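# Analysis of the macromolecular model
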Amino acid sequence: MSYRKAVQLACGLAGGSVALLAAAAVSHSRRKPAGEDRSGSGLPVLQAAQSWAGNTTLVPPATGQWDSNWDKREPPLIINSRKVDQETGEENLTSQLENYKAKASRHIFLIRHSQYNQNGQNDKERTLTALGREQAELTGQRLVSLGVNYDVLIHSSMTRARETAEIISRYIPGVEKVSCDLLREGAPIQPVPPISHWKPEAVQYHEDGARIEAAFRRYIHRAEAKQEKDSYEIIVCHANVIRYIVCRALQFPPEGWLRMCLNNGSITWLTIRPNGRVSLRTLGDSGFMPPDKLTRS
């Protein structure tokens, strides 16, 4: 299967439903990962939503303690230790485990889309404004100034995110763009404390929450063992999705996602180390934009 086709199938562009996404988000660990690496790169762009072993709740409760195996990618869970022990002997178990340990870091740049026409009647009409296009240009310039080689540019399939990604891509020629339905805007989880001017129906939290959680599990995890070099990945999506991902990645209570604000075109930089530790390098950085270009709409 080609890389492009695998991406489209995994990201719901081949006709996946919300019900399927929800099922993927809570599927048990017996399900095999669906997806494939980019040929020759060792970069795990596509990963199936991982289940929480022995736990069917969508989001694990925050305990105040760091869960080093939050992405369920610790070597003892990846391989069958008992089988290895029987086949190779106790003395070789340690070396076998070493083969499954991540070696590289993943740097994930979460970009909020630029300003768009909020008067559009549907997604197709909610295109970027003239200012929004300027913001995307500035974001692209900022990403280039960091001096790294980007591996992939993934974006939400919504118009405002797609157009933002298209402008950014001009500054990083040769980097493949991938569209993903999981990253579309939505209501991830009921915020605490609640707000009076935004109250989605319970069914929206139920449907959007499963999808956005599936996006988190697909894209936010430590590197695969076969990835030799650090990777730099750009994800262009939406404020609610980014804020939820940040809370989940840092193991903060996800209900607090609405306590953060992100400007249009801002950059949030997460780093995931081989041992699974996550650091937030920047949150909603937009200091590279002139004050008269800043918006949050």
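Since this is a predicted model, take the numbers as computed values, not measurements. (Residues numbered from 1 in each chain as written. Predicted model: local features only at pLDDT ≥ 70, side-chain atom pairs only at ≥ 80, totals over all residues. Heavy atoms only, no water.)

Evaluated as defined, the whole model comprises five aromatic pairs. The interplanar angle of 40 degrees and the centroid separation of 6.2 Å between the aromatic rings of Trp70 and Phe216 together place this pair among those described as tilted. Here Trp70, found in the loop between helix H2 (18-25) and helix H3 (75-78), pairs with Phe216, found in helix H8 (residues 202-219); they are 146 residues apart in sequence, far enough to count as distant. Of the two residues, Trp70 and Phe216, neither departs from the other in class, the shared state being buried. Plain terms: the ring middles of Phe109 and Trp269 are 4.7 Å apart, the flat faces sit at 35 degrees to each other, and that makes the pair tilted. Here Phe109, found in strand S1 (residues 106-112), pairs with Trp269, found in strand S5 (residues 267-272); they are 160 residues apart in sequence, far enough to count as distant. Here Trp269 falls in the buried class, since its relative accessible area comes to 14%. Taken together, the ring pairs in this structure connect Phe109, Tyr150 and Trp269 into an aromatic cluster. Directly above the ring of Tyr116 sits Arg160, whose terminal nitrogen or CZ lies 4.3 Å from the centroid. (Phe/Tyr/Trp six-rings, centres within 6.5 Å; stacked < 30°, edge-to-face > 60°. Helix = DSSP H or I, 4+ residues; strand = E, 2+ residues; numbered from the N terminus. Buried < 20%, exposed > 50% of the residue type's maximum accessible area, 1.4 Å probe, protein only. Lys NZ or Arg CZ within 6 Å of the ring centre and 35° of its normal.)

Bringing the nonpolar core into the picture now. In terms of nonpolar packing, the biggest core is built from 33 residues, with Ile154, Leu183, Ile220 and Ile235 touching the most fellow members. Mapped onto this core, the elements with two or more residues apiece are S1, strand S2 (152-156), strand S3 (177-180), H8, strand S4 (231-237), helix H9 (239-249) and S5. Leu153, Val175, Val236 and Ile267 belong to the second largest nonpolar core, which has 15 residues in total. (Core = buried A, V, L, I, M, F, W, Y, C linked by side-chain atoms within 4.5 Å.)

As summarised here, the arrangement of the six strands in space is S3-S2-S4-S1-S5-S6, forming an open sheet in which the pairing is mixed. Among the strands making up the open sheet, the edge pair consists of S3 and strand S6 (278-285). Neighbouring strand axes in the sheet, compared pairwise and without regard to direction, differ in orientation by 20 degrees on average. Relative to S6, S5 is paired through five bridges, and the arrangement is antiparallel. Paired with Ile267 across the bridge in S6 is Asp285. (Pairing = 2+ DSSP bridges. Axes fitted to C-alpha atoms, helices over the stretch in contact; angles between N-to-C directions.)

What follows concerns the pattern of salt bridges. Throughout the structure, instances matching the rule amount to 11 salt bridges. The partner of Lys293 in a salt bridge is Glu134, with the nearest N and O atoms 2.6 Å apart. Taken as a pair, Lys293 in the segment after S6 and Glu134 in helix H6 (residues 130-145) lie far apart in primary sequence, 159 residues in all. A residue is classified by how much of its surface remains accessible, and Lys293, at 19% relative accessible area, is buried. For Arg217, the salt bridge is made with Glu213, and the minimal N-O distance between the two is 2.5 Å. In this pair, Arg217 and Glu213 are both assigned in helix H8, four residues apart and thus about one turn of the helix distant. (Salt bridge = Lys/Arg side-chain N within 4 Å of Asp/Glu carboxyl O.)

What follows concerns the packing of H8 against H9. Where H8 contacts H9, the two axes come as close as 10 Å, and the packing angle between them is 55 degrees. Judged on the interaxial angle alone, H9 and H8 are oblique. As H8 packs across H9, the resulting crossing turns out to be right-handed. Residues Ile212, Glu213, Phe216 and Arg217 of H8 pack against Val241, Tyr244, Ile245, Arg248 and Ala249 of H9. Looking at side-chain class alone, the contact of H8 with H9 contains six nonpolar, no polar and three charged residues. (Parallel < 35°, antiparallel > 145°, perpendicular 65-115°, else oblique. Left-handed = near helix turned anticlockwise from the far one by under 90°. Contact = heavy atoms within 4.5 Å. Nonpolar A, V, L, I, M, F, W, Y, C, P; charged D, E, K, R; others polar.)

Our next topic: the packing of H6 against helix H7 (residues 159-169). Between H6 and H7, whose axes approach to 8 Å, the crossing angle comes to 45 degrees. What the angle tells us is that H6 and H7 run oblique. The hand of the H6/H7 crossing is right-handed. When H6 is examined against H7, the residues Arg133, Ala136, Glu137, Thr139, Gly140 and Leu143 are found in contact with a partner set consisting of Glu163, Thr164, Ile167 and Ile168. Classifying every residue of the contact of H6 with H7 by side-chain character gives four nonpolar, three polar and three charged.

Okay, the pairing of S3 next. When a strand is regular, its side chains alternate between the sheet's two faces. The pairing of S2 with S3 spans four bridges and is parallel. Bridging from a neighbouring strand, Ser156 pairs with Cys180 of S3. Each parallel crossover has a hand, and the one from S2 via H7 to S3 is right-handed. (Right-handed = clockwise from strand over helix to strand, strands pointing away.)

The next point concerns H7. With respect to burial, H7 is a largely interior element, nine of its 11 residues being buried. Tucked inside the fold, the buried residues of H7 contact S1, H6, S2, S3 and S4.

With that settled, the discussion passes to the environment of Tyr232. Tracing the backbone shows Tyr232 in strand S4. For Tyr232, a relative accessible area of 18% corresponds to the buried category. Spatially, the C-alpha atoms of Tyr232 and Thr271 are 9.3 Å apart, while their sequence positions differ by 39 residues. Not counting residues up to four positions away in its chain, the partners in contact with Tyr232 are His107, Phe109, Val148, Asn149, Tyr150, Asp151 and Val152.

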